[in-house]
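Remarks on the overall topology
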Amino acid sequence: YTEAIGLLSDVAAKEKDPNTIGNCYYWMGESYYGLGKYDDAVKSFEKVLQVKSSAKSDDALAMIGETYSRQGNTAEAKKAYQKLIAQFPQSDNIPKAKKRLQQL
């Protein structure tokens, strides 16, 4: 994960295509999540949301919810899942987000 974070960071810094940049930040977030560095994961996922029209925005919101849930921050997890449902009603992540909301 650590090596991937470094490589993805390098690509994101040099890349011009917004979709590629969003993908880099998303996978950096997944890598931080895998390392248990949840604060860094959330920061990376939030960077995805700052990239205009990133194809990974709905996935990033789902992972923000998952990360906050893992940290025991149910209020922020709920916000992330609710935002996902409101902004991306056609996302493949909706069924899981609704299920997680019921569990929180």
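Everything below is about the structure shown above.
Cut-offs and rules
- Residues numbered from 1 in each chain as written.
- Predicted model: local features only at pLDDT ≥ 70, side-chain atom pairs only at ≥ 80, totals over all residues.
- Heavy atoms only, no water.
- Phe/Tyr/Trp six-rings, centres within 6.5 Å; stacked < 30°, edge-to-face > 60°.
- Buried < 20%, exposed > 50% of the residue type's maximum accessible area, 1.4 Å probe, protein only.
- Helix = DSSP H or I, 4+ residues; strand = E, 2+ residues; numbered from the N terminus.
- Polar contact = N/O pair within 3.5 Å; in protein donor to acceptor, adjacent residues only side chain to side chain.
- Contact = heavy atoms within 4.5 Å.
- Expected span 1.5 Å × (residues − 1).
- Core = buried A, V, L, I, M, F, W, Y, C linked by side-chain atoms within 4.5 Å.

Under the definition given, this model contains three aromatic pairs. Measuring from centroid to centroid gives 4.9 Å for Tyr-26 and Trp-27, while their planes differ by 85°, and the two rings are edge-to-face. Since its relative accessible area comes to 43%, Trp-27 is described here as partly exposed. Their ring planes at 50° and their centres at 5.5 Å tell us that Tyr-26 and Phe-45 sit as a pair that is tilted. Placement of the pair is Tyr-26 in helix α2 (residues 18-35) and Phe-45 in helix α3 (residues 38-50), with a sequence separation of 19 residues. Since its relative accessible area comes to 6%, Tyr-26 is described here as buried. Taking the relative accessible area as the measure of exposure, Phe-45 reaches 0% and is therefore buried. In this structure an aromatic cluster arises from ring pairing among Tyr-26, Trp-27 and Phe-45.

With that out of the way, let us pick up the side chain of Thr-67. Along the polypeptide, Thr-67 turns up in helix α4 (residues 57-71). Within the local environment of Thr-67, its side chain forms a polar contact with the backbone oxygen of Met-63, the two atoms lying 2.7 Å apart. With residues near it in sequence (within four places) discarded, Thr-67 still touches Tyr-33, Tyr-38, Ala-41, Val-42 and Phe-45.

We now examine α2. Given a rise of 1.5 Å per residue, 18 residues ought to cover 26 Å, and the 26 Å separating the end C-alpha atoms of α2 matches this to within 8%. Those residues of α2 not exposed but buried are Ile-21, Gly-22, Cys-24, Tyr-25, Tyr-26, Met-28, Gly-29, Ser-31, Tyr-32 and Tyr-33. In this fold, the buried residues of α2 make contact with α1 (2-14), α3 and α4. Where α2 ends, the next residue or the one after it, Gly-36, has phi of about 80°, a positive value.

Here the focus is the nonpolar core. Core analysis: the largest hydrophobic core is formed by 28 residues, its most contacted members being Tyr-25, Tyr-26, Phe-45 and Leu-84. Looking at this core, the elements that each hand over two or more residues are α1, α2, α3, α4, α5 (74-87) and α6 (94-103). For Tyr-25, the residues in contact, after removing those within four places along its chain, are Ala-12, Ser-44, Lys-47, Val-48 and Val-51.

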